[in-house]
Amino acid sequence: MFIGARNRDAGRKAADEIARQVGKATFLEIDVADDNSVTAATREFAKAADHLDVLVNNAGIMVDADDAILKISDELLRNTLETNTLGALRVTRAFVPLLAKSKAPRVVNVSSGGGQLTGGADGWSPAYCISKTALNGVTSQLATALPKFAVNSVCPGRVRTDMGGRNATRSAEEGADTIVWLATDAPQKLTGKFLRDRKEIPW
């Protein structure tokens, strides 16, 4: 298992904690908003493994000033899209050759209910929500372009993380449940979907 993060200290800490629980986890430095960083991370991974079975795109940012669609700056929106949308596409594209060597390649894009066009937008963090709507579009396109892959988006719900806050309704374990299921036990033929709690939800 490889844990990717742009922050070395945080990434190594997460990898060490996971290693204590499941056996082995390797930190992989990667900034999904930087082409050179993604390329370098792919090369480092390829030195240690000849294929990749599952890629989980979990990188995401929500900027403090992201509070009103008519007030956010173009720069804020671009930066949010760069990480939350283009980052997932950039990393998937880079790792496709290694995923293609797997017998059952899977890509899981961590999205948000805020990205739903059906009842998703209610005014909160519009740049973040737009980036997740676009990420769902990326998922749909990748599922078509990679017919032998299982490519899906997942809404983990509001989770008690640094982003979700301590008052969020779900634990990290609850938020991760569908992600883990998609990465391991979900049918390989399940692809191009948007899911929450292991069930398909509207885009």
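All of the points below concern the structure found in this document. (Residues numbered from 1 in each chain as written. Predicted model: local features only at pLDDT ≥ 70, side-chain atom pairs only at ≥ 80, totals over all residues. Heavy atoms only, no water.)

**Here we look at the packing of aromatic side chains**
At step 1: Using the criterion set out here, one finds 4 aromatic pairs in the structure.
At step 2: Geometrically, the ring pair formed by Trp124 and Tyr128 is tilted, given 5.7 Å between the ring centres and 40 degrees between the ring planes.
At step 3: Three or more aromatic residues joined by ring pairs make a cluster, and in this case those are Phe2, Phe45 and Phe95. (Phe/Tyr/Trp six-rings, centres within 6.5 Å; stacked < 30°, edge-to-face > 60°.)

**Topic: the pairing of strand β5 (residues 150-154)**
At step 1: Counting buried positions over the 5 residues of β5 gives 5, a clear majority of the element.
At step 2: On β5, burial covers both faces: Ala150, Asn152 and Val154 on one face and Val151 and Ser153 on the other are all buried.
At step 3: In the sheet, strand β4 (residues 106-110) pairs with β5 via 5 bridges, with the strands oriented parallel. Across the sheet, residue Asn109 finds its bridge partner in β5, namely Ser153.
At step 4: As paired strands, β5 and strand β6 (residues 194-196) are joined by 2 bridges and run parallel to one another. Residue pairing in the sheet places Val154 in a bridge with Leu195 of β6. (Buried < 20%, exposed > 50% of the residue type's maximum accessible area, 1.4 Å probe, protein only. Helix = DSSP H or I, 4+ residues; strand = E, 2+ residues; numbered from the N terminus. Pairing = 2+ DSSP bridges.)

All quantities given are derived from atomic positions and should not be read as evidence of function.
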